[in-house]
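One letter stands for each residue in the lines below.
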Amino acid sequence: MLDVNKVLVILPNISIREQVFSQICNYYKGDHPVGKTGNLGQAVLPALLADGKLRRPDANMVVTNIQQLAVSTTLKNEDGEIKRNHDETASKKIVLTKTAEQMINSLRPDLIIVDEGHHSQADMWKVVEEAACKVNSRCKSHFLTATPKRSDQKGYGLKNDPENPRYFVFKRTNAANDKYIKKTEYKAVDVTFSSSGK
């Protein structure tokens, strides 16, 4: 059983963030059959992190999009001059936003749920996950994706420490074998068009 009291939900964009936050608020309100505690066993206080502001500092569930958490910054030397790469492009680094840093330090998430988890190898996602694990070494990650293979062949970078496993991989084949999903059947459909538009 996963012991979860504080959750960070990261979505890929604003529209999905708004939709998921609305659904979570609806799910955990008092008249829902699950009620105010849901499966967490305590009152669920969802908050939205948007426009650089955390709407509820005492939240135990924060919903946001990745762009609110990490940004690319240009590196500068001691003299304030922009550092340059070998090809003369500006040297950049991905860092947490100040709001994200404060939120992660106070929330100390037990679980990070990432939609579009196949992006987990991108630096923005890695910075957030590393920061969460730094403040809570028991933090787990749950990646959701419908993309079984990355086109760049990088994989998902899911490396478990045997002493503190952070990932549990549950593939579509496992779900089908366990009858969580039905076997998909594909059928050919004949489609014909005529020049008369019929």
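Residues numbered from 1 in each chain as written. Predicted model: local features only at pLDDT ≥ 70, side-chain atom pairs only at ≥ 80, totals over all residues. Heavy atoms only, no water.

Undergrad: Just checking my understanding: could you explain a nonpolar patch on the surface for this structure?
TA: A cluster of nonpolar side chains, contributed by Phe170, Tyr180 and Ile181, occupies part of the molecular surface with about 330 Å² of accessible area. Counting through the fold element by element, Tyr180 comes out in the segment after helix H4 (172-177). With relative accessibility at 63%, the residue Tyr180 sits in the exposed group. (Patch = residues over 30% accessible without salt bridge, like charges linked within 9 Å, V, L, I, M, F, W, Y side chains within 5 Å. Areas by Shrake-Rupley, 256 points an atom, 1.4 Å probe, with all protein chains shown as cover. Salt bridge = Lys/Arg side-chain N within 4 Å of Asp/Glu carboxyl O. Helix = DSSP H or I, 4+ residues; strand = E, 2+ residues; numbered from the N terminus. Buried < 20%, exposed > 50% of the residue type's maximum accessible area, 1.4 Å probe, protein only.)

Undergrad: Where do I start with the nonpolar core in this structure?
TA: Across soluble globular proteins, you tend to see nonpolar side chains buried next to one another. The biggest cluster of nonpolar side chains holds 24 residues, and the ones touching the most others in it are Leu8, Ile10, Leu69, Met103, Ile104 and Val128. Put simply, the parts of the chain that give this core at least two residues each are strand E1 (7-11), strand E2 (46-50), helix H2 (98-107), strand E7 (111-115) and helix H3 (123-135). For this core, the leading source of residues is H3, giving seven residues. Once residues lying within four places of it in the same chain are set aside, the contact partners of Leu8 are Val62, Thr64, Met103, Leu107, Pro109, Leu111, Ile112, Ile113 and Val128. By size, the runner-up hydrophobic cluster in this structure holds 13 residues, among which are Val7, Phe21, Val44 and Val63. (Core = buried A, V, L, I, M, F, W, Y, C linked by side-chain atoms within 4.5 Å. Contact = heavy atoms within 4.5 Å.)

Undergrad: Hey, could you run me through the environment of Asn105 in this one?
TA: Structurally, Asn105 can be placed in helix H2. Residues Asn105 and Ala132 lie 27 residues apart in sequence; the distance between their C-alpha atoms is 7.8 Å.

Undergrad: Can you help me understand the side chain of Asn136 in this one?
TA: You can see Asn136 is positioned in the loop between H3 and strand E8 (140-144). Within the structure, Asn136 has its side chain in polar contact with the backbone oxygen of Pro109 (distance 3.0 Å). Discounting residues that sit within four places of it in the chain, Asn136 has contacts with Arg108, Pro109 and Asp110. (Polar contact = N/O pair within 3.5 Å; in protein donor to acceptor, adjacent residues only side chain to side chain.)

Undergrad: Is there a simple way to think about the environment of Ile10 in this case?
TA: Following the sequence through the fold, Ile10 ends up in strand E1. Judged by its relative accessible area of 2%, Ile10 falls in the buried class. When the C-alpha atoms of Ile10 and Val63 are compared, they prove to be 6.2 Å apart, with 53 residues separating the residues in sequence. Beyond its immediate chain neighbours, meaning those up to four positions away, Ile10 contacts Thr64, Asn65, Ile66, Leu69, Ile112, Ile113, Val114, Asp115, Trp125 and Val128.

Undergrad: Explanation requested: unusual backbone geometry in the structure shown.
TA: Only a minority of non-glycine residues have a phi that is not negative, and only a minority of peptide bonds are not trans. A positive phi angle is found at Asp51, which is not glycine, with a value near 55°. Residue placement: Asp51 occurs in the loop between E2 and strand E3 (53-54). Its identity as a non-glycine residue notwithstanding, Glu116 has a phi of 60°, on the positive side.

Undergrad: Is there a simple way to think about the pairing of E7 in this case?
TA: Within a regular beta strand, the side chains point alternately toward one face of the sheet and then the other, so they alternate between its two faces. Across four bridges, E1 lies against E7 in parallel orientation. The partner of Ile10 across the bridge, within E7, is Val114. Summarising the sheet, E7 and E8 pair through five bridges and their orientation is parallel. Note that in E8 the partner of Leu111 across the bridge is Lys140. Note on the crossover from E7 through H3 to E8: the handedness is right-handed. (Pairing = 2+ DSSP bridges. Right-handed = clockwise from strand over helix to strand, strands pointing away.)

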